[in-house]
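Below, each chain spelled out in residue letters.
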Amino acid sequence: MIPFNKPCVIGSEIHAIQQVITADKLSGNGEFGKKCMKWLEEQLTCEKALITPSCTAALELTALLTDIQPGDEVVMPSYTFVSTANAFVLRGASIRFVDIEPSTMNIDPQAIERAITEHTKAIVVVHYAGVGCDMDTVLTIANNHNLWVIEDAAQGLMSTYKGESLGTIGHLGTISFHDTKNYTCGEGGALLINDASLIERAEMIQEKGTNRSQFIRGEIDKYTWRDVGSSYLLSELNAAYLSVQFQHANEINQNRRHSWAQYNHGLMNLQLDGAIELPTIPNVCEHNAHMYYIKLENEMERNQLRQFLKQNHITAATHYVPLHTAHAGKQFGLFVGEDRYTTTESDRLLRLPLYYGIGEEAINDVVNKIQQYFQS
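Per an unreviewed UniProt entry, the recorded name for the chain is dTDP-4-amino-4,6-dideoxygalactose transaminase, and the organism is Virgibacillus kapii. Entered under Sequence similarities (unreviewed entry) in the UniProt record, the comment concerning the chain runs "Belongs to the DegT/DnrJ/EryC1 family."

Written out as structure tokens, the structure is:
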């Protein structure tokens, strides 16, 4: 069986974890945690990076930092994971779901403009498959309406838009280190802060609403409760694992990019024949090969190919069920405008196996089986 995903393992993570155990410091903000934050700040060029227990937690931090209140509205694509919406629903916001651009599966900027009302407070973009949204247009809209811009770059580490790292273009960005992501520690995330005025409060919220970070740095002689907050720290054990992944980030990126390119080359003839559609990467974007997907004619054919691959010991996967169609989505949000693409494109999208070290033989097997399906 060729699995859909395998968590990335370099091999030396165990040694880093052993160092943590030996040092008798398992909780967050230890030496490995600091090393991870420094790597993110230097690699991505953001004002501040905080590592968190998950990208979900990082998104919740963005909702707190932008002071989302009951009655506020947040605009985002319906084609995303539930965490994108939950973070703001937890603060009492109403979600304004909008359509996507079919070429990239990213939010349609024109749909954002039509969804804005006097109650709108933030725009959340999702960089699907690690391919950047049209951030120039999004920022122009946000500036015209004085709105926060939050980037859900869960899948986007090592991807760029016009040379800028995803997650560093809006006011705040978030990244995931879940074991389905390119760089992982099992469960983990990061908050990228691009507005320096938010750093002090972000550190307090992360540390349960206290100024403990300032205390640890020796800036104050004791710490106290200063703000709302929660426990948004990543365990030092997870940070140790993650630090090794960061050390090998370029190697991981090149490996995945090679696999992505192999899929693209091997399936191009089927796109030229009109049998499938392959991913589109805009010229202004550099992607990280987070995902390789194809689009079939419709949902029925997508499901038939998926079943055919399963019978041939290959695990392929569908993706998001549009949030506006879900029970909670109808309760906490509203789709604004016409659903021209969100549902139809979701129904025909199929993700193929792609992970660090998958190897050319496995990809050739997947490509050959897809070719066989269309020849039968």
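Q: Any chance you could explain the pattern of salt bridges here in plain terms?
A: Two side chains of opposite charge can pair, provided their charged atoms sit close to one another. A full pass over the atoms with the stated rule returns 16 salt bridges. Among the salt bridges present, the one from E286 reaches R257, with a minimum N-O distance of 3.0 Å. Here R257 lies in helix α10 (residues 249–272) and E286 lies in strand β12 (residues 285–286), a separation of 29 residues in the sequence. Its salt-bridge partner being K369, residue D365 comes within 3.1 Å of it at the nearest N-O pair. Taken together, the residues span about one helical turn, with D365 and K369 both in helix α14 (residues 360–375) at a distance of four residues. Residue K369 is classed as buried on the basis of its relative accessible area, which comes to 18%. Here the salt bridges do not stand alone but share partners, grouping E41, K48, E203, R217 and E219 into one network.

Q: Can you walk me through the packing of α10 against α14 in this structure?
A: The description of two helices packed together rests on the angle between their axes and the distance between the axes. Packing of α10 against α14 leaves a shortest axis separation of 10 Å and a crossing angle of 20°. Our classification of the angle between α10 and α14 gives roughly parallel. α10 and α14 meet at a crossing whose hand is right-handed. Contacts from H258, S259, Q262, Y263, G266, L267, N269 and L270 in α10 reach E360, I363, N364, V366, V367, I370, Q371 and F374 in α14.

Q: For this particular structure, what's the right way to read the packing of aromatic side chains?
A: Aromatic rings in a pair are described by how distant their centres are and how their planes are angled relative to each other. Within the structure shown, the criterion is met by eleven aromatic pairs. Each ring, one from Y128 and one from Y293, has its centre 6.0 Å from the other, and the planes form 50°; the classification is tilted. Placement of Y128 in the loop between β6 (120–126) and α6 (135–145) and of Y293 in strand β13 (residues 292–295) is noted, with a sequence separation of 165 residues between them. What makes Y128 buried here is its relative accessible area of 1%. Pairing Y128 with Y320 gives two aromatic rings, centres 5.9 Å apart and planes at 65°, and the pair type is edge-to-face. Residue Y128 is located in the loop between β6 and α6, and its partner Y320 is located in the loop between α11 (299–311) and α12 (327–332); the two are separated by 192 residues in the primary sequence. As far as burial versus exposure is concerned, Y128 and Y320 are alike and both buried.

Q: Just checking my understanding: could you explain the side chain of S176 for this structure?
A: Tracing the chain through its elements places S176 in strand β10 (residues 172–176). A polar contact is formed between the side chain of S176 and the backbone nitrogen of H178, at a distance of 3.1 Å. Ignoring sequence-local partners within four residues, the contact set of S176 consists of C55, A154, K181, Y183, G188 and G189.

Q: Before we go on, may I ask you to explain the sheet that holds strand β3 (residues 94–98) in this structure?
A: The strands that make up a sheet are held in pairs by hydrogen bonds between backbone atoms, and each pair lies either parallel or antiparallel. The strand order β1-β11-β10-β7-β6-β2-β3-β14 describes an open sheet built from eight strands, whose pairing is mixed. The outermost strands of the open sheet, each flanked by one partner alone, are β1 (48–52) and β14 (333–335). For this sheet, the mean inter-axis angle between neighbouring strands, taken without regard to orientation, is 20°. Bridge analysis of strand β2 (residues 73–77) against β6 gives three bridges, and the strand direction is parallel. Paired with V74 across the two strands is A122, which belongs to β6. Set on the sheet, helix α2 (residues 31–44) makes contact with β1, β10 and β11 (189–193); between it and β1 the angle comes to about 135°.

Q: I would appreciate a short explanation of the nonpolar core in the present structure.
A: Most often, soluble globular proteins keep nonpolar side chains buried together rather than apart. Among the nonpolar cores identified, the biggest contains 43 residues, and L40, I51, L157, F177, L191, I193 and F246 are the most heavily contacted of them. Setting aside residues up to four positions removed in sequence, I51 forms contacts with G33, C36, M37, L40, G189, A190, Q206, Y232, L233, L234 and A239. Grouped together as the second largest cluster of nonpolar side chains are 27 residues, I2, I314, Y355 and A362 included.

Here is what the cut-offs are and how they apply
- For every chain, the first residue of the written sequence is number 1, and numbering continues from 1 onward in sequence order.
- In keeping with the predicted nature of the model, local features appear solely for residues at pLDDT of at least 70, side-chain atom pairs appear and are counted solely at 80 or more, and the whole-chain, interface and lining totals rest on all residues.
- Excluded from the side-chain calculation are hydrogens and water; included are all heavy atoms of the structure.
- UniProt positions are given in the numbering used here, feature names are shortened, and annotations may be inferred rather than shown by experiment.
- Should a side-chain nitrogen of Lys or Arg be within 4 Å of a carboxyl oxygen of Asp or Glu, the pair is scored as a salt bridge.
- The helix count covers DSSP runs of H or I at least four residues long, the strand count covers runs of E at least two residues long, and both are numbered beginning at the N terminus.
- Accessible area is worked out with a 1.4 Å probe on protein chains only. A residue is then buried under 20% of its type maximum, exposed over 50%, and partly exposed in between.
- Only the contacting stretch of a helix is used when fitting its axis, a line to C-alpha atoms as for every element, and angles between N-to-C directions run 0 to 180 degrees.
- Any angle between 65 and 115 degrees counts as roughly perpendicular, while under 35 counts as roughly parallel, over 145 as roughly antiparallel, and the rest as oblique.
- Throughout, a crossing is termed right-handed when the near helix is turned clockwise from the far one, and left-handed when it is turned anticlockwise from it by less than a right angle.
- Contacts were defined at the residue level, with two residues in contact if any of their heavy atoms lie within 4.5 Å.
- When two rings of Phe, Tyr or Trp (its six-membered ring) have centres within 6.5 Å they constitute a pair, described as stacked for plane angles under 30 degrees, edge-to-face for angles over 60, and tilted for the intermediate range.
- Contacts described as polar in this section are N or O atom pairs within 3.5 Å, which, within protein, must combine one atom able to donate a hydrogen with one able to accept it, while residues neighboring in sequence count only if both atoms come from side chains.
- Note on pairing: two strands pair once DSSP finds at least 2 bridges between them.
- Only buried Ala, Val, Leu, Ile, Met, Phe, Trp, Tyr and Cys residues count toward a nonpolar core, and they belong to the same one when joined by side-chain atoms within 4.5 Å.

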